[in-house]
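# Close look at the chain arrangement
Here is what each chain is made of, one letter per residue.
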Amino acid sequence: MPLTMVVTSNVEGRYRGFLTSIMLEVSAGVYVAPDMTATVRTRMWEVVSSWWAALRNGCIVMVWRDTRAVGKLRIETLGEPPKEIVDADGVLLVKRS
C-alpha cells in the first residue's frame, strides 16, 4: 500500500470535503494518504475525474508510488497537460506530453 498524494488548485469545495474524508490535508490543497490501497486510489480518482469532467474547473494532480514505473512514481492529471516521469542518465525529470 503505497503513499498517495493529491494536489488541487482552483477547485470547488466538494473536492476538499471528499478528499479530507479519506486523506490528510497537510497544506491547503495538498492531500496525502500513507497507506492507500490501489482499489481505494482508483475509486477516488474515478469520483474526482467525474466531478472534474462535469465542472471543468481547476487542476488536480495525483502522484503515487509504483515500483514498476520509471522513478517508482506514477502521475495522473486533470486540467493540466499530461505528465510523464523520465530518467535522463539517472536524473528524474517530468516531461509534459
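Below you will find a few notes about this structure. The residue numbers shown here count from 1 along each chain, following its written sequence. The predicted nature of this model means local features are confined to residues of pLDDT at least 70 and side-chain atom pairs, given and counted, to a pLDDT of 80 or more, with totals for whole chains, interfaces and linings taken over all residues. The side-chain values count all of the structure's non-hydrogen atoms but skip hydrogen atoms and water molecules.

## Regarding the environment of Ser97
So the rule is basically this: Only DSSP runs of H or I covering at least 4 residues are called helices, and only runs of E covering at least 2 are called strands; the numbering of each starts at the N terminus. The contact definition used throughout considers only heavy atoms, calling two residues in contact when any of these lie within 4.5 Å.
Position of Ser97 among the secondary structure elements: in the segment after strand 7 (91-96). Distance in space between the C-alpha atoms of Ser97 and Glu84 is 7.1 Å, their sequence separation being 13 residues. Contacts of Ser97, omitting those with residues within four sequence positions, involve Pro81, Pro82 and Glu84.

## A look at the pairing of strand 2 (residues 24-27)
Test applied: In this scheme, strands are said to pair when DSSP sees at least two bridges between them.
The pairing of strand 2 with strand 3 (residues 30-33) spans three bridges and is antiparallel. Counterpart to Ser27 in the pairing with strand 3 is Val30. The hairpin formed by strand 2 and strand 3 contains two residues between the paired strands, and Gly29 there has a positive phi angle of roughly 80°.

## A short note on the sheet that holds strand 4 (residues 59-65)
The test is simple: Axis geometry follows a simple rule: fit a line to the C-alpha atoms, using only the stretch in contact for helices, then measure angles between N-to-C directions, giving values from 0 to 180 degrees.
The strand order across the open sheet formed by five strands is 2-3-1-4-5, and the pairing between neighbours is antiparallel. For this open sheet the edge positions go to strand 2 and strand 5 (73-78), each flanked by a neighbour on one side alone. Taking the axes of each pair of neighbouring strands and ignoring which way they run, one obtains an average angle of 20° across the sheet. Where strand 1 (residues 4-9) and strand 4 come together, six bridges link them in antiparallel fashion. Pairing of Val7 across the sheet is with Val61, part of strand 4. In this fold helix 1 (residues 13-20) packs onto strand 1, strand 2, strand 3 and strand 4, with an angle of close to 20° to the strand it touches most, strand 3. Its contacts with the sheet put helix 2 (residues 38-55) on strand 1, strand 4 and strand 5, and the angle it makes with strand 4 is roughly 170°.

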